[in-house]
Amino acid sequence: MLRDEPLKVGRYEFQSRLIVGTGKYPSLDVMQRAHEASGAELVTVAIRRIHLDDPSGKTLIDYIDRSRYRILPNTAGCTTAKDAVLTAQLAREALHTDLIKLEVIGDTQTLYPDTTQTIEAARELVRDGFTVLPYITDDPIACKQLEEAGCAAIMPLAAPIGSGLGVCNPYVIRIIKERASVPVIVDAGVGTASDAAVAMELGVDALLMNTGVAAARDPVLMAQAMRRATEAGRMAYLAGRMGKRLYASASSPVTDLIGSPAP
Amino acid sequence: MRATINGTEHELRDGLTLAELLHELGIEESGSAVAVNERVVRRPLHEATKINDGDAIEIIHAVAGG
């Protein structure tokens, strides 16, 4: 059995190192079963205007058992620090949580974050008492600046949001992790179980994914695969992998083979 | 008076409070939040908050996202 410390983000502790989203599922029933299979304790939601022509009825929150999952609202879609801060404040009021996944988008094609606006919003939200988890590019300088701004974790992307390309820049993710004193959570780009394992083997503290689970042919089965891959990658990191070498090194004795001359 | 609610202009009766507006729109207070002119109005203040002509009101809730 893996004996590991819990993931600590600000004043919150989690046994699971996998954070999952609520978007893009074929149905809310599939989403609920995928959440359960993922073992996640933290799930993300977005914040949007209520449709005034249909304000009642079941909302997303009715499908999340809050005794089991903490909610991590995001500021997805915001393009300015000002909008992200107001969205975070509305999320706190609606959902009674100081946790916020800060996302300030700089461009709709790449969905890369606007670093300047993200850092500005992070400073403001930290001042306002939020536990801030910012989505950011795999840029060691921006990550350091967000840490210095008081963020509770930093969340560099593995690849563009929804791309499923896996960890595009593993060496930089390692550099970010080595220099960080807050948890590093790889957010975006994980497409399948091996991507999750690769990211965790780099030593990052946790993973956040949505499309990788929700857009699988069988999201519930993929959620279970991601859970195991996250755990396997974490265990491999803690175990410490063997050194790589160019040439072979036999695992069996090279002496006392049959037919060989006596020593 | 007129106020903008979630981007659309609405004709509202004078002296309407935020709590009355939410009730009339059928919005559950639980799980929702309101900002008036880009400032969050916390739930305990809804009763005492009168809407003014020209106010921009945003009413939000959580939706699926990643």
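All of the points below concern the structure found in this document. (Residues numbered from 1 in each chain as written. Chains lettered and ligands numbered in written order. Predicted model: local features only at pLDDT ≥ 70, side-chain atom pairs only at ≥ 80, totals over all residues. Heavy atoms only, no water.)

## With respect to the packing of helix α1 (residues 28-38) of chain A against helix α8 (residues 219-239) of chain A
All names here are of chain A.
(1) Moving on: As a packed pair, α1 and α8 sit with axes 7 Å apart at the nearest point and diverge in direction by 20 degrees. As judged from the angle between their axes, α1 and α8 are roughly parallel. Here α1 and α8 pass one another in a crossing that is right-handed. Together, V30, R33, A34, E36, A37 and S38 of α1 and P219, V220, A223, Q224 and R227 of α8 make up the contact between the two elements.
(2) Moving on: Tallied by class, residues from the contact of α1 with α8 come to 6 nonpolar, 2 polar and 3 charged. (Axes fitted to C-alpha atoms, helices over the stretch in contact; angles between N-to-C directions. Helix = DSSP H or I, 4+ residues; strand = E, 2+ residues; numbered from the N terminus. Parallel < 35°, antiparallel > 145°, perpendicular 65-115°, else oblique. Left-handed = near helix turned anticlockwise from the far one by under 90°. Contact = heavy atoms within 4.5 Å. Nonpolar A, V, L, I, M, F, W, Y, C, P; charged D, E, K, R; others polar.)

## Focus: the sheet that holds strand β6 (residues 99-102) of chain A
Residue and element names in this part refer to chain A.
(1) Moving on: Spatially, 3 strands are ordered β6-β7-β8 in an open sheet, and the strand pairing comes out parallel. Both edges of this open sheet fall to β6 and β8 (155-156), since each of them pairs with a single strand only.
(2) Moving on: For β6 and strand β7 (residues 131-136), the ladder comprises 4 bridges, and the chain directions are parallel. Within β7, the residue paired with I100 across the bridge is V132.
(3) Moving on: Here helix α3 (residues 115-127) sits on the sheet in contact with β6 and β7, set at roughly 175 degrees to β7. (Pairing = 2+ DSSP bridges.)

## Here we look at the environment of H23(B)
Residues and elements named next belong to chain B.
(1) Moving on: Mapped onto the elements, H23 comes out in helix α1 (residues 18-25).
(2) Moving on: Take H23: its relative accessible area is 65%, and that puts it in the exposed class.
(3) Moving on: Along the backbone, H23 and V34 are 11 residues apart, and their C-alpha atoms lie at a distance of 13 Å. (Buried < 20%, exposed > 50% of the residue type's maximum accessible area, 1.4 Å probe, protein only.)

Note that every value here comes from positions in space, so none of it alone points to a role or purpose.
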